[in-house]
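# Fold and geometry: a report
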Amino acid sequence: MSMRKKIQKKFKIRGYSLKIDALNSILAFADQFPGDDEGEAIDLLLDHLQMENLNSRAVDAESVEGVIKLLLGANDAAEEPTSSVSSLAVIDAFLVPKHRYDSVTRQFIEHTSSLSVHGEASSKTELYRERFKLLLQRVSRDELFSRPAFDPEISQFHNCEISPIQSLVVQMGKKWVMGVISQLEDGHFYLEDLSASVEIDLTKAKITTGFFTENTIIMAEGEMKNGIFQVINCGFPPLEDRNKTLKAHSGYDFFGSGILTNEEKNRLAELERQAVNETFVILSDIWLDDEEVLGKLEKVLDGFESLEIVPSLFVFMGNFCSRPCNLSSGSYTSLRKQFGKLGRMIGNHPRLKESSRFLFIPGPDDAGPSSVLPRCGLPNYLTEELREVIPNAIFSSNPCRVKFYTQEIVFFRKDLLYQMRRSCLIPPSTEETDDPFKHLVYTITHQSHLCPLPLMVQPIIWNYDHSLRLYPTPHTIVLGDMSEQKVSKDRGITCFNPGSFSTNSTFVAYRPSTQEVGLSEL
């Protein structure tokens, strides 16, 4: 295979296409490395391109030449293609591939055309349909709710087969149904699936862990009485093990980091095992207009500057201002200066500036076009002065995704716990846990969605709802929330809240290779 085809194949596997001028630039770059180093140099180039948050999957010469210049300018970057920098990829929410599930072929189909931010009315309906179909196909693989191929007696006595809501009209007795909770009339709640809707009564229902809000998808056991489905037992669709999901849907790039060959996966897994000292430092709520907060932040930077091995990534999550930053506040100019001041503060720590990456994720009250999710990165106007001092800073969306070797990590900044508790239709069960954070984690993981709130509570861009999916379940979920610092580990998923740095002086030091969470406080 020619080098030209090898390069095109590598980029295609990662989800990129190459323009002719970009391909020529890569060929000229690869020619500078002999033998096997040629392939490693191209892999390094790809790793760096993924960190650049490209606006398009079609790579042009300007993007490639910028990365090549950075690589050739670094002291020994070409000789050490497996350094800590090349281990990291940041995926913006607006670049996450969109897949829809085809119930006929039982396969996912990737959406290849461009997506409009302003969707048509049908896009809103499609949002709910795709959420439902995603969970329904997951449930179909669960032994308890799938129909056995043989032995109808097993189906009757040891199996909870899901019935379409439409069938409740003619079928009598207790049935299991699955649907979206909606309020079609004031004070009356309904369960909807793809076939029909039925009014439900939850007053006597025994529920599982989680927050049951409007828009969540539930599974309910009950029977029809006087035209109303009286719910006896109610819970969320069962969670599926990540490896089982990947086995069922191999060859898809749900996360947005590209498809890797088995050889590449094994190489990254080995490098990940060796990266035991790699640390991410995560802070949420960094009010740059508060001198006390800046003083605390400088103490944190001083502490990590003095370590033998500095963190590979600092994640700064908003809000970056102590009050909502909008047009009426008139604080853009001062906030721009405060970001510049933060850049100079980081610049005063040479080891961190040289060896660490800095990821900035906007908060719900930060500057931006609206409060709708997903939110785009912070405006260039605000961050220009900081970029001049810290050229390796990354300004991504909210939520955003980070790939660390084989680890998939999702970052989301929103005061979700308060809103979920406030939107509950029925009080959460305390049978398994009375910890609100565990209820929250249980809800978003079983719903396979970061924000299953009603759209009137938290608007979502209809065509980009897929960017909030948690499917397959990632290794780690970071929920930046104003509530107290918490960590939860269950079924291989690590989820934690670093707490509010400005209010409580809390943050987290996280080791991704071991999923070790260090809850910290000044």
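A brief structural summary. Position numbers for residues count from 1 along each chain, tracking the sequence in the order it is written. Given that the model is predicted, a residue must reach a pLDDT of at least 70 before its local features are reported, and side-chain atom pairs must reach 80 or more before they are shown or counted; all residues, however, enter totals for whole chains, interfaces and linings. Side-chain measures here rest on the full set of heavy atoms in the structure, leaving out hydrogens and waters.

We now examine the packing of helix H1 (residues 3-13) against helix H2 (residues 20-30). With axes taken as lines fitted to C-alpha atoms, and helix axes fitted only over the stretch in contact, angles between N-to-C directions fall between 0 and 180 degrees. Counting from the N terminus, the helices are DSSP H or I runs at least four residues long and the strands are E runs at least two residues long. Running from N to C, H1 and H2 cross one another at 115 degrees; their axes reach a closest spacing of 10 Å. Here H2 runs roughly perpendicular to H1, going by the angle between their axes. H1 and H2 meet at a crossing whose hand is right-handed. Residue-level contacts link Met 3, Arg 4, Ile 7, Gln 8 and Phe 11 of H1 to Leu 23, Asn 24, Ile 26 and Leu 27 of H2. Partitioning the contact of H1 with H2 into residue classes produces six nonpolar, two polar and one charged. Note that the term roughly parallel is reserved for angles under 35 degrees, roughly antiparallel for angles over 145, roughly perpendicular for angles of 65 to 115, and oblique for everything else. With the far helix as reference, a near helix turned anticlockwise by less than a right angle produces a left-handed crossing, and one turned clockwise produces a right-handed crossing. Contact between two residues is taken to exist if any of their heavy atoms lie within 4.5 Å; hydrogens are not considered. Each residue is assigned to one class: nonpolar for Ala, Val, Leu, Ile, Met, Phe, Trp, Tyr, Cys and Pro, charged for Asp, Glu, Lys and Arg, and polar for all the others, Gly among them.

Attention now goes to the pattern of salt bridges. Salt bridge, as used here: a side-chain nitrogen of Lys or Arg that lies within 4 Å of a carboxyl oxygen of Asp or Glu. If you walk through the whole model with that rule in mind, you get 12 salt bridges. Note that Arg 323 is salt-bridged to Asp 289, the shortest N-O span being 3.4 Å. Residue Arg 323 is found in the loop between strand S13 (313-317) and helix H10 (332-347), and its partner Asp 289 is found in the loop between strand S12 (280-284) and helix H9 (291-305); the two are separated by 34 residues along the sequence. Each residue's exposure class comes from its accessible area (1.4 Å probe, protein chains only) as a fraction of the maximum for that residue type: buried when under 20%, exposed when over 50%, partly exposed otherwise. Given the relative accessible area of 24%, Asp 289 is considered partly exposed. One salt-bridge network, in which partners are shared between bridges, spans Asp 285, Arg 413 and Asp 415.

Our next topic: the sheet that holds strand S15 (residues 393-395). The mixed open sheet is built from six strands, whose spatial order is S15-S14-S13-S12-S21-S22. Pairing within the sheet leaves two strands with one partner each, and these edge strands are S15 and strand S22 (516-521). Pairwise comparison of adjacent strand axes, ignoring direction, gives a mean angle of 20 degrees for this sheet. Where S12 and strand S21 (residues 506-511) come together, three bridges link them in antiparallel fashion. Paired with Ile 282 across the strands is Val 508, a residue of S21. Relative to the sheet, H9 contacts S12, S13 and S21, its axis offset from that of S13 by approximately 170 degrees. Two strands make a pair as long as DSSP finds a minimum of two bridges between them.

Pairing of aromatic rings covers Phe, Tyr and Trp, the last through its six-membered ring, and needs centres within 6.5 Å; plane angles under 30 degrees mean stacked, over 60 mean edge-to-face, and all others mean tilted. Under the counting rule described, the total for this entry stands at 24 aromatic pairs. Summarising the aromatic geometry, the rings of Phe 280 and Phe 404 are spaced 5.5 Å apart at their centres and angled 90 degrees between planes, so their arrangement reads as edge-to-face. With Phe 280 in strand S12 and Phe 404 in strand S16 (residues 400-404), the pair connects residues that are 124 residues apart, well separated along the chain. As far as burial versus exposure is concerned, Phe 280 and Phe 404 are alike and both buried. The interplanar angle of 45 degrees and the centroid separation of 5.4 Å between the aromatic rings of Phe 496 and Tyr 510 together place this pair among those described as tilted. Pair noted here: Phe 496 is in strand S20 (residues 493-497) and Tyr 510 is in strand S21, with a separation of 14 residues, a long-range link. Both residues of the pair, Phe 496 and Tyr 510, belong to the buried class. By the ring-pair criterion, three or more aromatic residues cluster together here, those being Phe 304, Phe 314, Phe 316, Phe 320, Phe 339, Phe 358, Phe 360, Phe 395, Phe 501 and Phe 507. For a ring to carry a charge above it, either NZ of a lysine or CZ of an arginine must fall within 6 Å of the ring centroid while also lying within 35 degrees of the normal to the ring plane. The lysine or arginine in question, Lys 296, covers the ring of Phe 501, its NZ or CZ lying 5.4 Å from the ring centre. Cation over ring: Arg 336 sits above Tyr 381, and NZ or CZ is 4.7 Å from the ring centre.

The subject of this paragraph is H1. Given 3.6 residues per helical turn, the α-helix brings residues three or four places apart onto the same face. Listed in full, the buried residues belonging to H1 are Ile 7, Phe 11 and Ile 13. Seen along its axis, H1 keeps its buried residues to an arc of 160 degrees; they face one direction. Of the exposed residues in H1, those oriented more than 90 degrees away from the buried face are Lys 5 and Lys 12. Looking one or two residues past H1, Gly 15 carries a phi angle of roughly 95 degrees, positive in sign. Think of the arc as the fan of directions from the helix axis to the C-beta atoms.

When strand S7 (residues 188-192) meets strand S8 (residues 197-201), the two strands line up antiparallel, connected through three bridges. When the bridges of S8 are listed, Glu 192 appears paired with Ser 197. What sits between S7 and S8 in their antiparallel hairpin is a turn of four residues. Pairing of S8 with strand S11 (residues 228-235), which is carried by two bridges, proceeds in the parallel orientation. When the sheet's bridge partners are listed, Asp 201 is paired in S11 with Gln 230.

The next point concerns the pairing of S22. Summarising the sheet, S21 and S22 pair through six bridges and their orientation is antiparallel. Within S22, the position partnered with Val 508 by the bridge is Leu 519. In textbook terms, the turn of a hairpin is the stretch between consecutive antiparallel strands, and for S21 and S22 this stretch comprises four residues, one of which, Gln 515, has a positive phi near 55 degrees.

Taking strand neighbours across the sheet as the criterion, the six strands line up as S3-S16-S17-S18-S20-S19 in an open arrangement whose pairing is mixed. Single-partner strands in this sheet number two, and they are strand S3 (88-92) and strand S19 (486-490). Shown here is a sheet whose adjacent strand axes are inclined to one another by a mean of 15 degrees, direction ignored. Looking at chain direction, S3 and S16 are connected through five bridges and run antiparallel. Bridge pairing links Asp 92 to Cys 400 in S16.

Turning to unusual backbone geometry, a few remarks are in order. Between Gly 318 and Asn 319 the backbone carries a cis peptide bond, its omega angle lying at 10 degrees. Looking at where Asn 319 falls in the secondary structure, it is placed in the loop between S13 and H10. Residues Leu 373 and Pro 374 are joined by a peptide bond in cis, for which omega reads -5 degrees. Take Pro 374: it is sitting in the loop between strand S14 (357-361) and helix H12 (380-389). We note that Arg 106 has phi near 55 degrees; this positive angle belongs to a residue other than glycine. Here Arg 106 shows up in the loop between strand S4 (99-102) and strand S5 (107-110). Using a relative accessible area of 62% as the deciding quantity, one classes Arg 106 as exposed. Phi angles above zero are rare outside glycine, and Gln 515 is one such case at about 55 degrees. Looking at the element boundaries, Gln 515 is found in the loop between S21 and S22. Taking relative accessible area as the criterion, Gln 515 reaches 16% and is therefore assigned buried.

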